Every structure is written in C-alpha cells, then in structure tokens.
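Here are the chains, one letter per residue:
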Amino acid sequence: RLHMEKCKCSFRAVFVAVLCSVFVIIPSIQVVLSMDSSQDYLDIKAVINDEVEGAIAQEIDLLQSLYDRKAKVIDHNGTPNNDFDNRTFEGWDMIKNRYEGFFASYNWKSMSLVGLEIKMDGRKKATGEHKGTIGDGNYREDRAKYTLKKVRGSWLITKLEYNKFQKRESDHSNDYIDI
C-alpha cells in the first residue's frame, strides 16, 4: 500500500510537471510560428521589391533568380475585364524576352510600389498586390498581383499580373483609373 501511495504521488508530480511544461512550451511554439511568418513576410516583400529594382536596374540574372521556371507573366493591357488583349509570357525564356522589351522601352531611374499588401496562404503560398507605382518621382496608378510559392526554403514568383487598371477612354497616356 505504501508503494502504491508513492506511485500516486509520483504520478501526480509527473502529471503536474508535464501539464506545467505544456503551458510553457505551447506559447514558445506560437512565438516560433509567428516569427517564421514574420520572416516569410519579409522574404516575400524582398522578392517583390527585388523584382521591381531588378527591372529598373536591368539585372536579368537577378530577375531570373526570382522566378519559378514555370512562371507566367500576364499583361492585362489596361483592360482587366477583357482577356482578349492580354499578353501572356510563360516560362523563363518568354519572361526574359518581355523584360528585354521593357528595358528597350523604358529608361526609369527609380521605381517604388504604393500600397503593397501581402497575404499568406498557409506556409508555402502567398500573394502580394500593390495599388500603384512611383517611377522617377511620378505617381502612376497600376495594380499588379504577384503570386509566390516557397521552394526549398526560398520564395519564388509563379505568376505576375500587371496593368490591371482600366485605361481612361479620353486619355491615351499611362494614367489608369480603378474599376
């Protein structure tokens, strides 16, 4: 009987110790998960900003390192509700040709994004959307959406959609209005 009482005390002590450690460990796990999410957020933001900076600096090798090899880039041509005039570039070779055309057409010195919002979809997928750009000090309404996935610990762009604003009928410049 004495042996059984010692076992009950030992069992209670072990149970209490385990229960206490659970309350100590679980908050630590939550902190680790939120820290991972914070790092993912920063990594995703860095990829998107690197894409913008790489395009302005004409750094084709940097740009290639940001894309999944099966990625797709879609230019909505300022008519987001009309898929017939979209231009789609699929796979790195086509995307590279698109950037080379961009390099030949634009000579911007700086570009930054306005209103970038990043949304995580689990731990391996995310999207980033912005509502405009500032190029060489001039604001331009231009909505773009980046879709990314995590591959072997790195975030890569799987799809980039841009020119998702409706062009004004009376204005043929690069200004767009939200629809």
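Right, let's walk through the structure included here.

About the cut-offs
Just so you know, the residues in each chain are numbered from 1, in the order the chain's sequence is written. The model is predicted, so local features are restricted to residues of pLDDT at least 70 and side-chain atom pairs to those at 80 or more, both for listing and for counting; the totals for chains, interfaces and linings are taken over all residues. Each side-chain value is derived from all of the structure's non-hydrogen atoms; neither hydrogens nor water enter the calculation. The nonpolar core is taken to be a set of buried Ala, Val, Leu, Ile, Met, Phe, Trp, Tyr and Cys residues, with the residues joined through side-chain atoms within 4.5 Å. A simple rule labels every residue: compare its accessible area, found with a 1.4 Å probe on the protein chains alone, to the largest value its type can have, and call it buried under 20%, exposed over 50%, or partly exposed in between. We count a stretch as a helix when DSSP gives it H or I for four or more residues in a row; a strand needs E for two or more, and each element gets its number in order from the N terminus. Contacts between residues were defined by any pair of non-hydrogen atoms, one from each residue, lying within 4.5 Å. Buriedness of a pocket was judged along seven lines, with at least five required to meet protein on both sides within 12 Å; pockets are open sets of points on a 1 Å grid over the protein atoms alone, cavities are sets where a 1.4 Å probe fits but cannot get out, and lining residues have an atom within 4 Å of a point. Grid points are joined across faces, edges and corners, and a volume is the space filled by probe spheres set on the points. The rule is short: rings of Phe, Tyr and Trp, with Trp giving its six-membered ring, pair when the centres are within 6.5 Å, and they are stacked under 30 degrees, edge-to-face over 60, tilted in between. Each pair of strands is called paired provided DSSP finds at least two bridges between the two strands. Only the contacting stretch of a helix is used when fitting its axis, a line to C-alpha atoms as for every element, and angles between N-to-C directions run 0 to 180 degrees. Expected span of a helix, by definition, is 1.5 Å for each gap between consecutive residues, and there is one gap fewer than residues. What the arc measures is the spread of directions leading from the helix axis to the C-beta atoms.

1. A look at the nonpolar core
- If you look at the biggest cluster of nonpolar residues, it comprises 28 residues, and the most contacted ones within it are Tyr67, Ile95, Tyr99, Leu148, Ile157 and Leu160.
- Among the elements that make up this core, the one with the highest residue count is helix H1 (residues 2-57) (six residues).
- Apart from the residues lying within four places of it in its own chain, the contact partners of Leu160 are Glu51, Tyr67, Lys72, Val73, Ile74, Tyr99, Ala144, Lys145 and Tyr146.

2. A few points about empty space enclosed by the protein
- The tally for this structure, following the rule as stated, stands at one cavity of 30 Å³ or more.
- Of the pockets and cavities examined, the largest cavity occupies roughly 40 Å³.
- Ala55, Ile56, Gln58, Phe102, Phe103, Tyr106, Asn107 and Trp108 together form the lining of the largest cavity.
- Of all elements in the fold, only H1 and helix H3 (92-105) reach the threshold of two or more residues within the lining of the largest cavity.

3. Quick notes on the packing of aromatic side chains
- Under the defined criterion, the tally for this structure stands at seven aromatic pairs.
- Seen in terms of ring centroids, Tyr67 and Trp92 are 5.9 Å apart; in terms of plane orientation they differ by 40°. Their pairing is tilted. Placement of Tyr67 in strand E1 (residues 67-75) and of Trp92 in helix H3 is noted, with a sequence separation of 25 residues between them.
- Relative to Tyr99, the ring of Tyr67 lies with its centre 6.1 Å away and its plane at 65°, an arrangement referred to as edge-to-face. Here Tyr67, found in strand E1, pairs with Tyr99, found in helix H3; they are 32 residues apart in sequence, far enough to count as distant. Grouping residues by exposure puts Tyr67 and Tyr99 together as buried.
- Three or more aromatic residues joined by ring pairs form one cluster here, namely Tyr67, Trp92, Tyr99, Phe102, Phe103, Tyr106 and Trp108.

4. A look at the sheet that holds strand E7 (residues 138-140)
- Taken in spatial order, the three strands line up as E3-E6-E7 in an open sheet, and their pairing is antiparallel. Taken across any chain shown, the strands that pair with only one partner, and hence form the sheet edges, are strand E3 (111-114) and E7. Within the sheet, the average angular offset between the axes of one strand and its neighbour, ignoring direction, is 25°.
- Here strand E6 (residues 132-135) runs beside E7; their pairing, made up of three bridges, is antiparallel. Across the sheet, residue Gly135 finds its bridge partner in E7, namely Asn138.

5. Examining H3
- Helix length check: H3, at 14 residues, gives a terminal C-alpha distance of 20 Å against a target of 20 Å (1.5 Å per residue), a fit within 8%.
- Buried residues of H3: Trp92, Ile95, Arg98, Tyr99, Phe102 and Phe103, and no others. Across the axial projection of H3, the buried residues extend over an arc of 140°, all falling on one side. Summarising the geometry of H3, the exposed residues directed more than 90 degrees from the buried face are Asp93, Ala104 and Ser105.

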